[in-house]
Amino acid sequence: MKTRIIGTGSCLPEAVVTNDDLAKIMDTSDEWISSRTGIKKRHLAKAETTASMSVEAAKRALENAGVTAEELDLIILGTVSADYVTPACACEVQAQIGAKNAVAFDVNAACSGFMFALNIANAYIQAGLYRTALILGAETLSKIVDWSDRSTCVLFGDGAGAAVVRGDEKYGMLAFDQGSDGAKGDVLACLGRTNNNPLIKSDREIAYVHMDGQEVYKFAVTTVPASLQKTIEASGLTPEDIDYYALHQANIRIIQSVSKRLHISEEKFPISLDHCGNISAASVPILLDEMNRNGLLKPGTKIAMSGFGGGLTWASAILQW
Ligand code: UT7
């Protein structure tokens, strides 16, 4: 039994902010952002929330899969920017789509969140515990980035992506790799709330995302190709056999570096970061949905997926569509 993606959906906020728009409010330029990252614009939430975008993406994925909400056994949502500390965003999705037979929870693996959700769903399906799952990556990063720090705020966007997965005899996941390195957690971090109990008085201000961009870059360009190589080998394929590489959309230079290290043409690496920016856990499922709706994915198409980011965490999977 293999875990197969049978439908995808995504949702982006209505408001679009270009690099030129940002250059009007901070010391940056389209030239700097485009040349260093490949990002041209991003969607930023106004009325939208992490849950509202997740619900929309979930409905579209269910419709695309031809599955009803009642058929879902499991909902797993990767996010670092849920609307509430509790309930989990996955529980909000469960309530709003009416998935009354599912168990729902969030996972925090930053930009690897959707891939971790996929692997957890796969483990449940392999164990025979559940048959049909909804997995999501959803973020409103614009509320946790520091808009006075031009080295991070220009990189990120908001949005949600979802996929319905189900056990299948023929096609689906061939291999998976995931890992974390908690010792390097400080290179991409966002502190939580302060402790205001009667014993302690904190004068710490609200904290925002802090990133050592060059360290994250070095981590990505070494770990991602190694993880992909390992996963491709485990699936009995070669890098040339893979039709598409759907990577976390952080930076075009990271994607180009992975393509060079694997000796695979950049044409096999679809891109959404130019119009979405980096949406952490939502990047991979939004890209997958775009590929799906653009007709790139046919039954049997071989795709390699990889997410990487805060934690530090990483995860790759090889799937036959
Ligand atoms: O999901 C994972 C998330 N993170 C990543 O993927 C990040 C990976 N890292 C990167 O993509 C790159 O490190 C960045 C794009 C973040 C930065 O590129 P860089 O080539 O490492 O630039 P830098 O941080 O070394 O900064 C170079 C210069 C600095 O000026 P000086 O000191 O050379 O005068 C910065 O102050 O660029 C300046 N700078 C900017 N200039 C215009 C930093 N941000 C900006 C900006 N606009 N937005």
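Residues numbered from 1 in each chain as written. Predicted model: local features only at pLDDT ≥ 70, side-chain atom pairs only at ≥ 80, totals over all residues. Heavy atoms only, no water.

Asks: Quick question: what am I supposed to make of the pattern of salt bridges here?
Replies: Close approach of charged atoms allows side chains of opposite charge to pair. Inspection of the entire model under this criterion finds ten salt bridges. A salt bridge links E215 to K218; its shortest N-O distance comes to 2.9 Å. In this pair, E215 and K218 are both assigned in helix α7 (residues 213–234), three residues apart and thus about one turn of the helix distant. Close ionic contact of R293 with D289 constitutes a salt bridge, the shortest N to O distance being 2.6 Å. In this pair, R293 and D289 both sit in helix α10 (residues 283–293), four residues apart, roughly one turn of the helix. (Salt bridge = Lys/Arg side-chain N within 4 Å of Asp/Glu carboxyl O. Helix = DSSP H or I, 4+ residues; strand = E, 2+ residues; numbered from the N terminus.)

Asks: What exactly am I supposed to notice about the site of the ligand here?
Replies: The environment of the ligand is formed by 21 residues, the closest being T28, R36, Q214, H248 and N251. Taking R36, its side chain carries an N or O atom lying 2.7 Å from an oxygen atom of the ligand. Q214 is positioned such that a nitrogen or oxygen atom in its side chain is 2.7 Å from an oxygen atom of the ligand. For the ligand, whose unbound accessible area comes to 950 Å², protein coverage reaches 72%. Of all the secondary-structure elements, those providing two or more residues to the shell around the ligand are α2 (30–37), α6 (150–153), α7 and α8 (252–262). Looking at the shell around the ligand, you find at least three residues from each of domain 1 (2–172) and domain 2 (174–320). (Near = heavy atom within 4 Å. Polar contact = N/O pair within 3.5 Å; in protein donor to acceptor, adjacent residues only side chain to side chain. Areas by Shrake-Rupley, 256 points an atom, 1.4 Å probe, with all protein chains shown as cover. Domains from an automatic or database assignment.)

Asks: Is there a simple way to explain the nonpolar core in this structure?
Replies: As a rule of thumb, soluble globular proteins bury nonpolar side chains together. Residues L228, Y245, L247, V258 and F308 are the most contacted members of the largest nonpolar core, which totals 42 residues. Secondary structure elements with two or more residues in this core: α7, β11 (244–247), α8, β12 (302–309) and β13 (313–320). Residues from two domains meet in this core; each of domain 1 (2–172) and domain 2 (174–320) gives at least three. The residues contacting L228, other than those within four sequence positions of it, are Y245, L247, V258, L262, A304, M305, S306 and S316. Residues L74, I76, M305 and A317 belong to the second largest nonpolar core, which totals 30 residues. (Core = buried A, V, L, I, M, F, W, Y, C linked by side-chain atoms within 4.5 Å. Buried < 20%, exposed > 50% of the residue type's maximum accessible area, 1.4 Å probe, protein only. Contact = heavy atoms within 4.5 Å.)

Asks: So what exactly am I meant to see when it comes to the domain arrangement of the protein chain here?
Replies: Buried accessible area, meaning the area lost when the parts come together, often serves as the stated size of an interface. Domain parsing of the protein chain yields domain 1 (2–172) and domain 2 (174–320). Here domain 1 and domain 2 have C-alpha centroids that lie 13 Å from each other. Between domain 1 and domain 2, the residue contacts involve 53 residues of the former and 47 residues of the latter. Buried area between domain 1 and domain 2, both sides added, is near 3,800 Å², and the carbon and sulfur share of it is 64%. (Buried area = accessible area lost by both parts, 1.4 Å probe.)

Asks: What's the story with unusual backbone geometry in this structure? I'm lost.
Replies: Across residues other than glycine, the phi torsion is negative in most instances, and most of the peptide bonds are trans. A cis amide bond, omega 5°, links T86 with the succeeding residue P87. In this model, G311 is joined to L312 through a cis peptide bond whose omega is -15°. At S280, a residue that is not glycine, the phi angle is positive and equals roughly 45°. For S280, a relative accessible area of 3% corresponds to the buried category.

Asks: Sorry, what's going on with α8 here?
Replies: All of the buried residues along α8 are I252, I254, I255, S257, V258, S259 and L262. Taken together, the buried residues of α8 touch α2, α7, β11, α9 (273–276) and β12. For α8, the N-terminal capping position is held by N251, with its side-chain oxygen 2.7 Å away from the main-chain nitrogen of R253. Immediately downstream of α8, the backbone of H263 shows phi near 60°, a positive value.

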